[in-house]
Amino acid sequence: MSAKTLPLPLQTAPLVSDWLRFGPDRRVTVLSGRVELGQGNMTAILQIAADELDVDPADVAIIGADTTQTPNEGFTSSSLSIAHGGMSVRLAASAARHLLLAEAAKLLQSSPDQLTIEAGRIMRGGVDTDLDLWKLAETVDLQVEAAAHADPKPPDARRVVGTSLPRIDLESRITGQPFVHDLVFDGMLFGRPVHPPALSSRLVELDMAGLRARPGVVEAVRDGSFVGVVATSEPEAIAAASWAKNRVVYAPPAASPDDAIAAIAASTGEIEVVHDEGDVEAVDGRRFETRISRPYLSHGSIGPSAAVALWQDGRLRVWSQSQGAYPLRAALGAVFDLPPENIEVMHRPGAGCYGHNGADDVALDAALLARAVPGRPVKVVWSRADEFRYAPLGPGMSVSAKAVVGEDKRIAAMDVLANSAPHGNRPGRNGAPNLRASAYLEKPFPVPRSADIPAANGGGADRNSVPYYTIPNKRGAKRLVHDLPYRTSSMRALGGFANVYAIETLMDEIARDLDEDPVAFRLRHLDDPRAVAVIENAVAASKDIIEAKPGEGAGWGIGFARYKNTASYCAVVARIEVDETIRVTHVRATVDCGEVINPDGVINQTEGGILQAISWTLKEAVTFEGPGVAIEGWSDYPILTFSEVPDVRVSLIPRPDQAPLGCAEAAQGPVAAAIGNALRMAIGVHVKAMPLNRDAIMAALL
């Protein structure tokens, strides 16, 4: 196995011992650089290890991202937990199995082919040999390269993978035990930052002596425009921070546009072409064009961001819900000018997140405040308003898609251009910490001009801008819009949500103009049999929706994409009813994510993505007040409610002989497109500005 074909994490952590421990308690501990964000990836990775080692899943434990123990797998993002992290564990566990069986064969003067493993015990001819993996691991050197010894089981030999093992973390999550918000340490204090209203805001005046005199305040901190308090209780910290917020004076912030989405659409900045096949300019035929937009979006996590920090003997320890323990460590090291070995970051669960939210920012807040009280842990929990106003946003976008159709009624060319605020501003990206408070410290770390995410890594603004359909001439491009005051970064599916909406609604528009069935039209433009299969499966599962008379103000639509053009295939059929509002009544989805480790996990992730995509498409939009976010709470930012959840059914096409593909973000674009196309059937026009609410519909009809 060449180094180039190895999963990326195994290239940086190549040893079996980097990934596995065999403990004296007869348990195998898997060391994963991934974090559990509610997606069930820790359960799936545990299943992979249990299968390769032939041990009971109950005898396997797993530790997620912890800079003191686990490999550096960067961020848990882009639906790569299984494709990269899980496959690294598979190879490491396979190597351990072969090394330990070889040692058993030597001790038993037998051939490894004559030995099997049952529940971790070594068997010969069905008879227990009194050896087990744990005894053997005491003497076998596992500090060897996994790739040199790995030979994973064939699909038909796997017994745990492919089954819906219950989530290993469910009980503790239900009882609230693991959450960073609930951590308790001896001598713990409570912190609260006073956030400047915008990144460009600079503090002019604040009575720090008065702040220190507030009830319960142990210390008040100012570093440049960063202000925060440390108190003996959380209510006292909140009250003191509120007192300061009402008295602090900032210099006037930078200018902001009247309409951020219009500014993005009107940008004339440099265009970066990410894919250019054939010659889209030289094709003759009927021309079709659309331009769609999506607003800025909030992560909208049910729980706000939180962290605990402790400074002791010049070392910093942080307990964080970050998606990337190692990148956060590096970013904190840059801010405090500390070497990596003097910082420990340990992941603890928080509310589920969908990309770069406020988790890393609050970790810096906690560290800045804890520095003022060395030896005392400081917990910081953002308020709901903090979370909406100060966490990174999902970027606003304006996407144009153009197509040329030949006389044969096939698309001869398609050209997609995504105008977008940047998607790639995670901690450490573009050579900066990218932590909110670091931008306005006395020694600031300004947020640099974002390079976005390379197309080789799935792209950012340009993600899924290249149509997956078989079109001889096609081009995908992006134009990053940098000069807006709003802080943006990665959010689920990145540019794929808007780009798929643009492409798929244009496909529907062309099909209907040509008086063709929208499903058959798509299939005529697909050569990939797996793509064809997911569409046909989704349509078959939606037969009742498609064949029923839609009725007045009702309609159905279809959306399809292969996420990143390299990951999971997903096709969605949605039915809607339009009255005072749009209501999605039914959703049928089919997913092909290659090998399925935990079917229930894939279905849960897809269902979650479907509901979030419905909410984005119909309801969600961040509003601004000057350069700052104007949202205080849920009344300002409506999301899909429980009473609005449609009848959702997800089908899987498992392919155990294929590589596993990321699935968690695959449904976002197809769901939006299916709703947009259903709305076209219901009212006769495509609505091109999301969210698809009453105002957008009225504007489209005028």
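Help me out: how do you make sense of the overall build of the chain in this one?
Helix and strand counts for the chain stand at 18 helices and 26 strands. Computed over C-alpha atoms, the radius of gyration of the chain comes to 27 Å, within 12% of the 27 Å expected from 2.2 N^0.38 for 702 residues, which places it in the range of a compact globule. Seen along its three principal axes, the alpha-carbon backbone of the chain occupies a region of about 75 × 75 × 45 Å. Taking all 702 residues of the chain together, 61% fall into the buried category. For the chain, restricting intrachain contacts to residue pairs at least 6 apart in sequence, the fraction spanning at least 24 positions comes to 78%. For the chain, the accessible surface area stands at approximately 26900 Å², while carbon and sulfur atoms represent 51% of it.

Please clarify how helix H10 (residues 359–370) should be interpreted in this entry.
Given 3.6 residues per turn, any residue in an α-helix points the same way as the ones three and four places further on. Spanning 12 residues, H10 covers 17 Å between terminal C-alpha atoms, matching the ideal 16 Å at 1.5 Å per step. Taken together, the buried positions of H10 are occupied by Ala-359, Asp-360, Asp-361, Val-362, Ala-363, Leu-364, Asp-365, Ala-366, Ala-367, Leu-368, Leu-369 and Ala-370.

Help me understand empty space enclosed by the protein in this model?
Using a probe with the size of a water molecule, rolled over the atoms, empty space left in the structure can be pinpointed. Throughout the structure, instances matching the rule amount to 5 cavities of 30 Å³ or more. Considered as a void within the structure, the largest cavity measures approximately 110 Å³ in volume. Lining the largest cavity we find 15 residues, and of these Arg-389, Arg-436, Arg-487, Pro-627 and Val-629 sit closest to its centre. Secondary structure elements with two or more residues in the lining of the largest cavity: helix H11 (384–390) and strand S25 (628–629).

Is there a simple way to think about the packing of helix H9 (residues 325–336) against H10 in this case?
Axis angle and axis distance: for two packed helices, these are the angle between their axes and the distance between the axes, and together they describe the pair. At a closest axis distance of 11 Å, the pairing of H9 and H10 adopts a crossing angle of 40°. Relative to H10, H9 is oriented oblique. The way H9 lies across H10 gives a crossing that is right-handed. The segment H9 lies against H10, with Leu-328, Leu-332, Val-335 and Phe-336 engaging Asp-360, Ala-363, Leu-364, Ala-367 and Leu-368.

Just checking my understanding: could you explain the sheet that holds strand S10 (residues 226–231) for this structure?
Within a beta sheet, neighbouring strands are joined by backbone hydrogen bonds and run either parallel or antiparallel to one another. One open sheet accounts for 7 strands, arranged S9-S10-S7-S17-S14-S15-S16; its pairing is mixed. Each having just a single partner strand, strand S9 (217–223) and strand S16 (343–347) make up the two edges of the open sheet. Shown here is a sheet whose adjacent strand axes are inclined to one another by a mean of 20°, direction ignored. With 5 bridges connecting them, strand S7 (residues 189–194) and S10 associate as antiparallel partners. Its bridge partner lying in S10, Phe-190 is registered against Ala-231. Each of S7, S9, S10, strand S14 (306–312), strand S15 (315–320) and strand S17 (378–381) is contacted by H10, which is oriented at about 35° to S14, the strand it contacts most.

Looking at this structure, how should I read the sheet that holds strand S2 (residues 28–31)?
The strand order S1-S2-S3 describes an open sheet built from 3 strands, whose pairing is mixed. Of all the strands in the sheet, just strand S1 (20–22) and strand S3 (60–63) have a single pairing partner and so form its edges. Taking each pair of neighbouring strands and ignoring which way they run, the sheet shows an average axis angle of 20°. Sheet topology note: the S2/S3 ladder contains 4 bridges and is parallel. The partner of Thr-29 across the bridge, within S3, is Ala-61. Helix-sheet contacts for helix H3 (residues 81–108) involve S1 and S2, and the interaxial angle to S1 is about 40°.

What is the right way to look at helix H17 (residues 668–683) in this model?
With 16 residues, H17 extends 23 Å from end C-alpha to end C-alpha; this agrees with the ideal 22 Å at 1.5 Å per step. The buried fraction of H17 is high, at 13 of 16 residues. Two residues or fewer past H17, Gly-684 is found with a positive phi of approximately 90°.

Is there a simple way to think about the environment of Asp-361 in this case?
You can see Asp-361 is positioned in helix H10. A residue is classified by how much of its surface remains accessible, and Asp-361, at 0% relative accessible area, is buried. Put simply, Asp-361 and Gly-676 are 315 residues apart on the chain and 35 Å apart in space, counted from C-alpha to C-alpha. Dropping the residues within four chain positions of it, Asp-361 is found in contact with Trp-382, Tyr-390, Ala-391, Pro-392, Asn-434, Leu-435, Arg-436 and Arg-487.

Explain the pairing of strand S20 (residues 473–480) to me, please; I cannot follow it from the model alone.
For a regular strand, side-chain orientation follows a simple rule: the groups alternate between the two sheet faces. Burial of S20 is extensive: 8 of the 8 residues sit out of reach of the surface. Side chains of S20 alternate between two faces, with Asn-473, Arg-475, Ala-477 and Arg-479 and Lys-474, Gly-476, Lys-478 and Leu-480 buried alike. Where strand S12 (residues 272–277) lies against S20, 5 bridges are found, and the strand directions are antiparallel. Bridging from a neighbouring strand, Glu-272 pairs with Lys-478 of S20.

What is the right way to read the pattern of salt bridges from this model?
When the charged atoms of two side chains lie near each other, side chains of opposite charge can form a pair. In this structure the tally under the stated criterion is 37 salt bridges. The partner of Asp-130 in a salt bridge is Arg-121, and the shortest N-O contact between them spans 3.9 Å. Of the residues examined, Asp-130 reaches a relative accessible area of 48% and is grouped as partly exposed. Here Arg-121 falls in the partly exposed class, since its relative accessible area comes to 25%. In this structure, Lys-619 engages Glu-644 in a salt bridge whose closest nitrogen and oxygen atoms are separated by 3.1 Å.

Rules and cut-offs
Residues numbered from 1 in each chain as written. Predicted model: local features only at pLDDT ≥ 70, side-chain atom pairs only at ≥ 80, totals over all residues. Heavy atoms only, no water. Helix = DSSP H or I, 4+ residues; strand = E, 2+ residues; numbered from the N terminus. Rg over C-alpha atoms; globule rule 2.2 N^0.38 Å. Buried < 20%, exposed > 50% of the residue type's maximum accessible area, 1.4 Å probe, protein only. Contact = heavy atoms within 4.5 Å. Areas by Shrake-Rupley, 256 points an atom, 1.4 Å probe, with all protein chains shown as cover. Expected span 1.5 Å × (residues − 1). 1 Å grid on protein atoms, 1.4 Å probe; cavity = no way out; pocket = protein on both sides within 12 Å on 5 of 7 lines; lining within 4 Å. Points joined across faces, edges and corners; volume = space filled by probe spheres on them. Axes fitted to C-alpha atoms, helices over the stretch in contact; angles between N-to-C directions. Parallel < 35°, antiparallel > 145°, perpendicular 65-115°, else oblique. Left-handed = near helix turned anticlockwise from the far one by under 90°. Pairing = 2+ DSSP bridges. Salt bridge = Lys/Arg side-chain N within 4 Å of Asp/Glu carboxyl O.

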